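# Structural description and commentary
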Amino acid sequence: MRNIMQPRFLVLYGSQKGQAQSIAEGIAEDAQDNGLVAELKCLNQTDEFNLEKENAPVVFIVSTTGDGEPPDNALKFVKDIKTKTFSTDHYKHLCYRHRSRGDTE
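In this report, the structure presented in the accompanying data block is examined. Nothing here was measured: the structure is a model prediction, and the numbers come from that model. (Residues numbered from 1 in each chain as written. Predicted model: local features only at pLDDT ≥ 70, side-chain atom pairs only at ≥ 80, totals over all residues. Heavy atoms only, no water.)

## Quick word on the nonpolar core
Counting ten residues, the largest nonpolar core is built from Leu10, Leu12, Leu43, Phe49, Leu51, Val58, Phe60, Ala74, Phe77 and Leu94. Those elements giving two or more residues to this core turn out to be β1 (8-14) and β3 (58-63). The contact partners of Phe60, leaving out residues within four places of it in the chain, are Leu12, Leu43, Leu51, Phe77, Tyr96, Arg97, His98 and Arg99. Phe9, Val11, Tyr13 and Ala24 belong to the second largest nonpolar core, which has nine residues in total. (Core = buried A, V, L, I, M, F, W, Y, C linked by side-chain atoms within 4.5 Å. Buried < 20%, exposed > 50% of the residue type's maximum accessible area, 1.4 Å probe, protein only. Helix = DSSP H or I, 4+ residues; strand = E, 2+ residues; numbered from the N terminus. Contact = heavy atoms within 4.5 Å.)

And the structure:
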């Protein structure tokens with residue numbers, strides 16, 4: 001019997017009230033239903049993913065709160081990105097998509 005690797009991608013979310021998390025969980029479930037592997041991680045789990053070495057596609061689902069601030073569980077990720085100086089091609093290896101949501105409809 002051959003061991004066939006399923007296509008994998010990473011789903012990262014930041015959510016204040018749970019809407020972005022729910023969307024991210026839905027994406028991961030749909031992926032599994034369609035034979036894909038989606039690793040679901042919150043943006044505050046930075047020790048569990050490494051964008052510098054990631055070679056699978058990445059989907060970001062992030063809500064904002066207040067006047068466009070990142071949600072609490074994405075603050076460290078955003079601060080780390082903002083305080084570092086990257087070359088313009090630092091993340092050129094990443095294949096990514098993002099979905100941003102406000103905290104109101």
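Further notes follow.
## A look at the sheet that holds strand β4 (residues 96-101)
The sheet built from four strands is open, its strands ordered β2-β1-β3-β4 with parallel pairing. At either margin of the open sheet sits one strand with a lone partner, and together these are β2 (37-42) and β4. For this sheet, the mean inter-axis angle between neighbouring strands, taken without regard to orientation, is 15°. Judged from the six bridges that link them, β3 and β4 form a sheet pairing that is parallel. Along β4, the bridge assignment pairs Val62 with Ser100. (Pairing = 2+ DSSP bridges. Axes fitted to C-alpha atoms, helices over the stretch in contact; angles between N-to-C directions.)

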